[in-house]
Amino acid sequence: MRQKAADALPGSSWSPLEVNPNLPPERADIVIVGGGVVGWSIAYWLKQKERAQEAVKVIVVEKDPTYSQASTVLSAGGIRQQFSLPENIHLSLASADFMRNINHHLGVVNEDPVDLQFNQSGYLFLANEEVAHIMEENYSTQRGAGAKVSLLSSTQLKEKFPWINTDGVALASYGLENEGWFDPWILLNAFRRKAISMGVIQCCGEVTGFKHTLNMMTNADGEQVHFQRIKSVKVQMPNSLEYQPVECAIVVNAAGAFSGKLIDMLGIGSGPKDTFAGIPLPVEPRKRYVYVVHCPDGPGLDTPFLIDYSGVYFRREGLGGNYIAGASPEELEEPDTSNLEVDHQFFEDKVWPNLARRVPAFEKLKVTSAWAGFYDYNTFDQNGIIGIHPLINNMYFATGFSGHGLQHSPAVGRAVAELIVDGNFKTLDLSGLGFKRILDQEPILERNIV
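Report on the accompanying structure. (Residues numbered from 1 in each chain as written. Predicted model: local features only at pLDDT ≥ 70, side-chain atom pairs only at ≥ 80, totals over all residues. Heavy atoms only, no water.)

Attention shifts here to the environment of G78. Mapped onto the elements, G78 comes out in strand β3 (residues 78–79). G78 sits 42 residues away from Q120 along the chain, and the two C-alpha atoms are 9.8 Å apart. The contacts of G78, once residues within four sequence positions are left out, are Y123, G180, W181, F182, F305 and Q407. (Helix = DSSP H or I, 4+ residues; strand = E, 2+ residues; numbered from the N terminus. Contact = heavy atoms within 4.5 Å.)

Another point: helix α10 (residues 405–422). Side chains of residues three or four places apart in an α-helix project in the same direction, reflecting 3.6 residues per turn. Along α10, the sharpest kink reaches roughly 45 degrees, centred on A411. The buried count for α10 comes to 15 of 18 residues, which makes it a mostly enclosed element. Two residues or fewer past α10, G423 is found with a positive phi of approximately 90 degrees. (Bend = angle between axes of the 7 residues up to and from the residue. Buried < 20%, exposed > 50% of the residue type's maximum accessible area, 1.4 Å probe, protein only.)

On to the pattern of salt bridges, then. Enumeration according to the criterion identifies 18 salt bridges in this entry. Each of E284, R286, R288, E331 and E334 takes part in a single network of salt bridges with overlapping partners. (Salt bridge = Lys/Arg side-chain N within 4 Å of Asp/Glu carboxyl O.)

This part takes up the environment of L214. Along the chain, L214 turns up in strand β9 (residues 206–218). As for L214 and P282, which are separated by 68 residues in sequence, their C-alpha atoms are 23 Å apart. Not counting residues up to four positions away in its chain, the partners in contact with L214 are H226, F227 and Q228.

Our focus in this paragraph is the pairing of strand β15 (residues 312–316). Each regular strand displays side chains that alternate between the two surfaces of the sheet. Taking burial as the measure, the five residues of β15 include five buried ones, the bulk of the element. Judged by which residues are buried, β15 turns out to be covered on both faces: V312, F314 and R316 on one side and Y313 and R315 on the other are all buried. Relative to β15, strand β14 (residues 305–307) is paired through two bridges, and the arrangement is antiparallel. Residue pairing for β15: L306 is matched across the bridge by F314. (Pairing = 2+ DSSP bridges.)

As a further point, take helix α2 (residues 37–49). The first and last C-alpha atoms of α2 sit 18 Å apart over 13 residues, in line with the 18 Å expected at 1.5 Å per residue. The buried count for α2 comes to 11 of 13 residues, which makes it a mostly enclosed element. The set of residues buried in α2 consists of V37, V38, G39, W40, S41, I42, A43, Y44, W45, L46 and K47. (Expected span 1.5 Å × (residues − 1).)

This next bit is on the packing of aromatic side chains. Counted under the stated rule, the structure contains 23 aromatic pairs. Seen in terms of ring centroids, F305 and Y313 are 5.6 Å apart; in terms of plane orientation they differ by 35 degrees. Their pairing is tilted. By relative accessible area, which is 3% here, F305 ends up buried. Members of the aromatic cluster, joined through ring pairs, are F161, W163, Y174, F314, Y323 and F362. (Phe/Tyr/Trp six-rings, centres within 6.5 Å; stacked < 30°, edge-to-face > 60°.)

As a further point, take the sheet that holds strand β16 (residues 322–327). Here we have eight strands laid out as an open sheet, ordered β5-β6-β4-β14-β15-β16-β13-β17, and mixed in their pairing. Strand pairing shows two members of the sheet lacking a second neighbour, β5 (149–152) and β17 (366–378), which therefore form its edges. Adjacent strand axes in the sheet meet at a mean angle of 20 degrees when their direction is disregarded. Where helix α5 (residues 132–145) meets the sheet, it contacts β4 (123–127), β5 and β6 (171–175), and its direction lies at approximately 155 degrees from that of β5. (Axes fitted to C-alpha atoms, helices over the stretch in contact; angles between N-to-C directions.)

Attention now moves to the pairing of strand β2 (residues 58–62). Within β2, five of the five residues are buried, which leaves the element mostly enclosed by the surrounding structure. Side-chain alternation along β2 places V58, V60 and E62 on one buried face and I59 and V61 on a second face that is also buried. With four bridges connecting them, strand β1 (residues 30–33) and β2 associate as parallel partners. Each bridged residue has a counterpart across the sheet, and for I32 the counterpart in β2 is V60.

Geometric descriptors of this kind do not, in isolation, establish any biological role.
Below, the structure is given as C-alpha cells:
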C-alpha cells in the first residue's frame, strides 16, 4: 500500500501514510508465531541451514515483548534424560550437548560469551513399591538410548544423600551427567541475540488472523476434505489499532500454551466430529506454581533436582539455603488459567507436607516468593507435536511439550528447520511426534511428566 502511494507521487518523498518503524515487513519467507525459546531456536536453525546469506527472510512475532508471562522464563529451568520415550531421551541428549557447546553455536562476535549457569547436579526420581517396576523399565529404555543413569536401592540412597527420609522409597533413579538446571532467560536471550545477528527480524505484535486459500478434495471414503494454504498473517501492533498483513510462504506455530487459539482462527477443530477438520489441536494452558523457600539447614551443594513419587519436586536455587519447589495439581484441581495469580494455600496443603516428609529439614522453612507460569499442555498424550498439519499445507507445529519444551528447545528447533529446509528429519527421527498420531487417536504416553 505504501509503495502504491509512492508510485502515485513520483519525485516526492511525501507520503500520506506515516510509517510505523515497528511494523513488520509486508513480505517474508517464514513467519514464526511465538518468540519463546522454541520459536527463537527454530529461527536460529533456519538461518544456520540457509544455503546463502540472507536467502531466507524469517520473522519472529511475539506478543509479550517483556516476557512477563512467557512460559520460558517462568519455568524451573531443568533438563533431564530420565524420560520413558526414546524420542524425549534423544531430544534431551542432543540439547544437553548443544548447551555444553553453547558458545560454539550461539556466540556472537564482539559480544560477551554465553554462560547458562548450567548446574549439572542431576535429577533424582524416587519410586515406591507400586511404581518401582515402571522405573526399572524406564531405566532400561534410558540406558539403551545412551543416557547415563543409575538405580539406587533405599539403602544406597540414604548413604549418598543422608538428608533424605527414605520411608516408602523402594527405588531411586539418579542422572549421572547432562542433567540439572540452568537459567532459562539466558538461553532465550542467547538464541534471540544470535538469530538477530544472522538477520532474523523481531516483531512485537500479536497474530490475530490469517488470509488463506481453500481447496477441496474427495478421499477414498467419499468424504470431502478441505485443505488450506496460508497466504498472509495479520499482525496486530501492541496498544494500537494498527496492523500489518505479512505475506509469507510458511508459518510456524510455536505459540506455546496459546497455540490452540492460533489454529482455531483457521477453523480447525470446528468441523464434524468424525472428520479430520473436527479434531482440534489438543494443546491448552495449564497453570503451574513455583515457590521459592528459604531453609538455612536444608540440603547442601550436592542437592539434585529431586522428584518425589508424591509429585512434589524441589531443587537448590543459588546458595544460602534457597530452594524452589512445586507440584502439579490433580486433574480435577487444575487452577484457573485466566491469570497468573499464585495460590499459596496449595503450597500449605499439597507441597509443604510432602516436602517435609521427604526432607525433615524442610519442616522449618519460609516461603520468600512465588510465581506461576503456563505449560503448553498436550491433553492427548503430554508429548510435543512436531511437524506439519495435514489440513494446512504450510503450517508447521512445535508445541504441546507439557513442561519440557525449554529443555528440548535446541534439538526441536533443529528438527523443525530440517523439516522446512530439507523436507524431512535428518538428525533425529521425530516422526512419531507428528500430528498423525492425533488423527489416528493413538497416543504415545510419556510416563515421566513432572
